[in-house]
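Given next are the chains, with one letter for each unit.
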Amino acid sequence: METIKLVLESVWKILLVGLILGAGLPALFAVGVRGLAIGNGHESADGTVHKPNPLGNVLAAIAFLIVIAAIVLGILIIVSSGFGMKVSFEHIYPTLVDK
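The structure contained in this document is the topic of the report that follows. (Residues numbered from 1 in each chain as written. Predicted model: local features only at pLDDT ≥ 70, side-chain atom pairs only at ≥ 80, totals over all residues. Heavy atoms only, no water.)

This part takes up the packing of helix α1 (residues 2–40) against helix α2 (residues 54–82). Between α1 and α2, whose axes approach to 7 Å, the crossing angle comes to 155°. Relative to α2, the element α1 lies roughly antiparallel. Like other packed secondary-structure pairs, α1 and α2 cross with a definite hand, here left-handed. Contact residues: α1 offers Leu25, Leu28, Phe29, Val31, Gly32, Val33, Gly35, Leu36, Ile38, Gly39 and Asn40, while α2 offers Gly56, Asn57, Leu59, Ala60, Ala63, Phe64, Ile66, Val67 and Ala70. Considered class by class, the residues forming the contact of α1 with α2 number 14 nonpolar, six polar and no charged. (Axes fitted to C-alpha atoms, helices over the stretch in contact; angles between N-to-C directions. Helix = DSSP H or I, 4+ residues; strand = E, 2+ residues; numbered from the N terminus. Parallel < 35°, antiparallel > 145°, perpendicular 65-115°, else oblique. Left-handed = near helix turned anticlockwise from the far one by under 90°. Contact = heavy atoms within 4.5 Å. Nonpolar A, V, L, I, M, F, W, Y, C, P; charged D, E, K, R; others polar.)

Structural data, given as structure tokens:
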């Protein structure tokens, strides 16, 4: 019974990471694109004109920064393993340590 408990604990962690990185980052990128549309203003199909909203540009910048940070962190993890190092999250920010 203990083995099943350990397996289920591992499965939900893998599922959570898969959802965040698999569907979460593209969804966050889509939010950033939508924020750019709101920030620049647009005209609807029925002819109504929506004024530009600077908050949309701020939303887009935050979304794109999070996506870029996740991509850079992923590349850092892959490259650091090639150099015999690993990424440690002992502090708030990731650091490289020897294996």
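Alright, that's what it looks like, and here's the rest.
Moving on: the packing of aromatic side chains. Tallied over the full model, the rule gives one aromatic pair. Between Phe29 and Phe64, the ring centres sit 5.3 Å apart and the planes meet at 50°, which makes this aromatic pair tilted. In this pair, Phe29 sits in helix α1 while Phe64 sits in helix α2, placing the two residues 35 residues apart along the sequence. Of the residues examined, Phe29 reaches a relative accessible area of 43% and is grouped as partly exposed. (Phe/Tyr/Trp six-rings, centres within 6.5 Å; stacked < 30°, edge-to-face > 60°. Buried < 20%, exposed > 50% of the residue type's maximum accessible area, 1.4 Å probe, protein only.)

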